[in-house]
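# Analysis of the macromolecular model
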Amino acid sequence: MITLLGRRARVLAATTATAGLVLVAGCTSTDGGGSGSKTAAGGVELVKAGQLTTCTHLPYPPFQSEVDGKVQGFDVSLIDLVAKDLGVKQDILDTPFENFKTGAFLNSGECDLAAAGMTITEERKKNVDFSDPYFNATQAVLVGKKSGIGSFADLKGRKLGAQAQTTGEDYAKSKGLDPVSFESSDAVLNGLRTGQVQAVVIDYPVVQGWLKDKANAGAFKVVDNLDTGEQYGFTVKKGNTKLLAAINKAIKDAEADGTYKKLYEKWIGPYDESAASPAAS
């Protein structure tokens, strides 16, 4: 539900989140703004001294998920680079995804930025400022190996699942399908596993992560990869130009020095140059 790989422009139901749960992402750098200072390197103003507070919605592997009490993933690692440049640590706040569309937690001063595999859309740009795109996204069609489904075109008349209020769900509906809505990516996979649905449409990198498990790889297969022209971006409160510039610099530097490629291969899979999104025009 962020290929080459999948994207999710999703507005997830608030009931799936545990708002207010703060989780440390694992960046260990120190506060360059001095003890108690909310001003980080480059004059970036932070909502809390000594930390870059990131709103996300868990779980959404491989972009962010909690493993052994620690939030990890591709998005987490990229924002760790931003935090390092600012001389602070990254802290993660698990929040309802629906607030990312409105920018509510950014406007209220609870978070500095949002990182949650979010598709850049014109509608969202009305409420938040997006970074340069950092990931090209496609939607995968995953089915059981014995389903008899060979492509997206075969889904008519079949029970299809998708994550609630995602671009995958929107795409399926735009093609005349009526997908079953699941509140999280984990629920989507469970719906396929238990036979509630015969196929799912969700971001391709999410599917890649699922198929790393031998049991999943033995039971399911990707039969289509839909290029919906989507790109992921991080968001900040409208007008927060200094933090936005710091995020864009970290993305650009990571792509230039090979760090992006290494993180991509660590969290997602074999690297394809098309995954390194061009800078926004």
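Use the structure listed above.
Each chain has its residues counted from 1, running along the sequence as written. Given that this is a predicted model, residues contribute local features only at a pLDDT of at least 70 and side-chain atom pairs are listed and counted only at 80 or more, while totals for whole chains, interfaces and linings are drawn from all residues. Hydrogens are left out, water is left out, and the side-chain values use all remaining heavy atoms of the structure.

## Topic: the packing of helix H1 (residues 74-86) against helix H9 (residues 241-257)
Definition in use: Axis geometry follows a simple rule: fit a line to the C-alpha atoms, using only the stretch in contact for helices, then measure angles between N-to-C directions, giving values from 0 to 180 degrees. Strands are runs of DSSP state E lasting at least two residues, helices are runs of H or I lasting at least four, and both sets are numbered from the N terminus onward. Helix crossings fall into two classes, left-handed where the near helix is turned counterclockwise from the far one by less than a right angle and right-handed where it is turned clockwise. In what follows, a contact means two residues having at least one pair of non-hydrogen atoms within 4.5 Å. Residues are grouped as follows: Ala, Val, Leu, Ile, Met, Phe, Trp, Tyr, Cys and Pro are nonpolar; Asp, Glu, Lys and Arg are charged; all remaining types, including Gly, are polar.
At a minimum axis separation of 9 Å, H1 and H9 run at an interaxial angle of 115°. Two packed elements cross with a definite hand, and for H1 against H9 that hand is right-handed. Each of Leu-81, Val-82, Asp-85 and Leu-86 in H1 lies in contact with H9, whose residues at this interface are Leu-243, Ala-246, Ile-247, Ala-250 and Ala-254. Residue composition of the contact of H1 with H9, by class: eight nonpolar, no polar and one charged.

## What to know about the packing of H1 against helix H10 (residues 259-267)
What counts, and what does not: In this scheme, roughly parallel covers angles under 35 degrees and roughly antiparallel covers those over 145, while 65 to 115 is roughly perpendicular and the rest are oblique.
Two numbers describe how H1 lies on H10: the axes approach to 9 Å, and their chain directions differ by 155°. Put simply, H1 runs roughly antiparallel to H10. Two packed elements cross with a definite hand, and for H1 against H10 that hand is right-handed. Counting all contacts with H1, which are made through Phe-74, Ser-77, Leu-78 and Leu-81, the residues of H10 involved are Thr-259, Tyr-260, Leu-263, Tyr-264 and Trp-267.

## Some points on the sheet that holds strand S8 (residues 135-144)
Short version of the rule: Any two strands with at least two DSSP-identified bridges between them are counted as paired.
Strand order across the open sheet formed by five strands is S10-S9-S11-S8-S12, with mixed pairing between neighbours. Looking at the sheet topology across the chains shown, the edges are occupied by strand S10 (180-182) and strand S12 (220-232). With direction set aside, neighbouring strand axes in the sheet form an average angle of 25°. Pairing analysis gives nine bridges linking S8 to S12, with the strands arranged antiparallel. From the neighbouring strand, Gln-139 faces S12, where its bridge partner is Leu-226. Running at roughly 115° to strand S11 (residues 199-203), helix H7 (residues 204-211) makes contact with S8, S11 and S12 of the sheet.

## Some words on the environment of Gly-148
Under the convention used in this document: Categorising residues by exposure relies on relative accessible area from a 1.4 Å probe, with only protein chains included: less than 20% of the type maximum marks a residue as buried, more than 50% marks it as exposed, and the intermediate range marks it as partly exposed.
For Gly-148, the position within the fold is in the loop between S8 and strand S9 (160-163). A relative accessible area of 59% places Gly-148 in the exposed class. Through-space distance from the C-alpha of Gly-148 to that of Gln-198 is 9.7 Å; in sequence the pair is 50 residues apart.

## Digging into the pattern of salt bridges
This is how the line gets drawn: In what follows, salt bridge is the name for a side-chain nitrogen of Lys or Arg lying within 4 Å of a carboxyl oxygen of Asp or Glu.
Across all of its chains, the model carries five salt bridges by this definition. Lys-238 is paired through a salt bridge with Asp-129; the nearest N and O atoms lie 3.1 Å apart. With Lys-238 in the loop between strand S13 (235-237) and H9 and Asp-129 in strand S7 (residues 128-130), the pair connects residues that are 109 residues apart, well separated along the chain. Given the relative accessible area of 40%, Lys-238 is considered partly exposed. What makes Asp-129 buried here is its relative accessible area of 19%. For Lys-261, the salt bridge goes to Glu-265, with nearest N and O atoms at 2.8 Å. Here Lys-261 pairs with Glu-265, and both are found in helix H10, just four residues apart, close to one helical turn. Overall, Lys-261 belongs to the partly exposed group, its relative accessible area being 38%.

Shape descriptors only; they carry no functional weight alone.
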